[in-house]
Amino acid sequence: MSHSNLKFIQREQLKVKPKASELGFGKYFTDHMFVMDYSTEQGWYDGRIVPYGPISLDPSAMVFHYGQEVFEGMKAYKTEKEGIVLFRPDMNVKRMNESSTRLSIPQVDPDYVLSAIKQLIEIDQEWIPEGDGTSLYIRPFIIATEPCLGVRAAKQYQLLVIMSPVGSYYKEGIHPVSIYVEDHYVRAVRGGTGAAKTSGNYAAGIKAQEVAKDLGYSQVLWLDGVENKYIEEVGSMNVFFKVNGEVITPELSGSILAGITRDSVIAMLRSWGVPVTERKISVEELFEAHQKGQLEEAFGTGTAAVISPIGSMKWEEQQIEIAGGEIGECAHKLYDSITGIQRGTLDDPFGWRQVVK
Ligand SMILES: *Cc1c(COP(=O)(O)O)cnc(C)c1O
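Our subject in this report is the structure included herewith. All residue numbers refer to position in the chain's written sequence, counted from 1. Residues qualify for local features only when their pLDDT is at least 70, as the model is predicted, and side-chain atom pairs are given and counted only at 80 or more; totals for whole chains, interfaces and linings, by contrast, use all residues. The side-chain quantities take in all heavy atoms of the structure and omit both hydrogens and water.

Right, let's get into the pairing of strand β17 (residues 318–321). Sheet topology note: the strand β16 (residues 306–315)/β17 ladder contains four bridges and is antiparallel. Among the inter-strand pairings, S312 is bridged to a residue of β17, identified as E321. Counting the residues that bridge the hairpin from β16 to β17 gives two residues, and of these E316 lies at a positive phi of roughly 50 degrees. One requirement defines pairing of two strands: DSSP has to find at least two bridges between them. Secondary structure elements follow DSSP: runs of H or I no shorter than four residues count as helices, runs of E no shorter than two count as strands, and numbering proceeds from the N terminus.

Structure, rendered in structure tokens:
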């Protein structure tokens, strides 16, 4: 790891850290952040770790007007045997570059960015919470900073990495969520930006999320934007169904985000000898499977919750209960196995843990 070219300006007075019980998600931020600038003339330059705080942008910065932005999300954990570890962080940096390609944002050097992230974690390591289920959430993102109202790719960008200690996603253990199948609004369409991790996808999804919340559901299940028929994702997670002993997840069609947890779940299930199929699955097929008593489990996957079991689902006039509203066996085993690897309490046969320090 080479940090020799990385400038570090230390915060004069360190912040007071929140209590473990008050963490929640993304409310508190650590003492420092990583910042790096880009211009077409210089490429990426001036990578630096500086005190966390507000940044100054021109009101005409292109990100405010046309939304040229990409982001990532990953977690660091303090383990007993290996010190601080990350879970497959190379996949996050690679995916950020893939999202950037779609948004016409310049590529970063993955090794440099990963090494900068590791140094930032090392500097702010006191912020990694140690309580059960807690972690340090890391949010790298790139914004178009060029002051200009012309509609085109910007010529200036800034990459930032901020970090937030987060509490256990499940305060009282994992509990299944209720899902509203959204048949009006769509999140993404073929040829759109659904496969990129970009803020615009979220901006487009908030309305449906509010409608579902008002109706008493905790998340939205997104259908494809062309036929309004095939299942894509759930909230900001990928989605899996266990039907008659087989696990099915929507194939990466171009409008679905290629989740790292999704990839890990598929690999893990296959290593257990559970058949996994990536294919189109219509909401109709799913409800029919339930009717026949073959829908055994449903769950979402993503970095924040890891595994989020689905206990009930509402589609048009039909409301179904899945796995008796309880956590399915498969979801439970996946949750324990993945979090065990992340926290260093289980062996890591896939080589997913990466030691920071
Ligand atoms: C980030 C994200 C996911 C989950 O990806 P992970 O790499 O598993 O965290 C799924 N869907 C959307 C829309 C996302 O933004």
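The rest of the description comes next.
Every one of the 14 residues lining the ligand counts as a neighbour, but K197, Y202, E233, T261 and T303 are closest to it. Whenever a nitrogen or oxygen atom comes within 3.5 Å of another N or O atom, the pair is scored as a polar contact, on the condition that within protein one atom can donate a hydrogen and the other can accept it, and that pairs from neighbouring residues in sequence are kept only if both atoms are in side chains. Measuring from an oxygen atom of the ligand, one finds a backbone N or O atom of I260 at 2.8 Å. The protein chains hide 96% of the 380 Å² of surface that the ligand would expose on its own. As a working rule, the residues Ala, Val, Leu, Ile, Met, Phe, Trp, Tyr, Cys and Pro are called nonpolar, Asp, Glu, Lys and Arg charged, and the rest polar, with Gly in that last group. The residue makeup of the shell around the ligand, split by class, is four nonpolar, six polar and four charged. Here a residue counts as near a molecule or strand whenever at least one of its heavy atoms sits within 4 Å of it. The protein chains shown are the only cover counted for residues, whose accessible areas, like all others here, come from Shrake-Rupley with a 1.4 Å probe.

Ring geometry is summarised as follows: Phe, Tyr and Trp rings, the Trp one being its six-membered ring, pair when their centres sit within 6.5 Å, and such pairs are stacked at plane angles under 30 degrees, edge-to-face over 60 and tilted between the two. Tallied over the entire structure, the rule returns eleven aromatic pairs. Taken together through their ring pairs, the aromatic side chains of Y38, W44 and Y157 make up a single cluster. The rule is short: NZ of Lys or CZ of Arg within 6 Å of the ring centre and within 35 degrees of the ring normal puts a charge over the ring. The ring centre of W272 lies 4.1 Å from the NZ or CZ of K333, which sits over that ring.

The subject of this paragraph is unusual backbone geometry. We note that N228 has phi near 55 degrees; this positive angle belongs to a residue other than glycine. With respect to the element layout, N228 can be found in the loop between β10 (219–223) and β11 (231–234). The backbone phi angle of N244 is positive, close to 55 degrees, even though this residue is not glycine. Relative to the elements of secondary structure, N244 occurs in the loop between β12 (238–243) and β13 (246–249). The exposure class assigned to N244 is exposed, which follows from its relative accessible area of 52%. Partly exposed describes any residue whose relative accessible area lies between the buried limit of under 20% and the exposed limit of over 50%, with all areas from a 1.4 Å probe on protein chains only and scaled to the type maximum.

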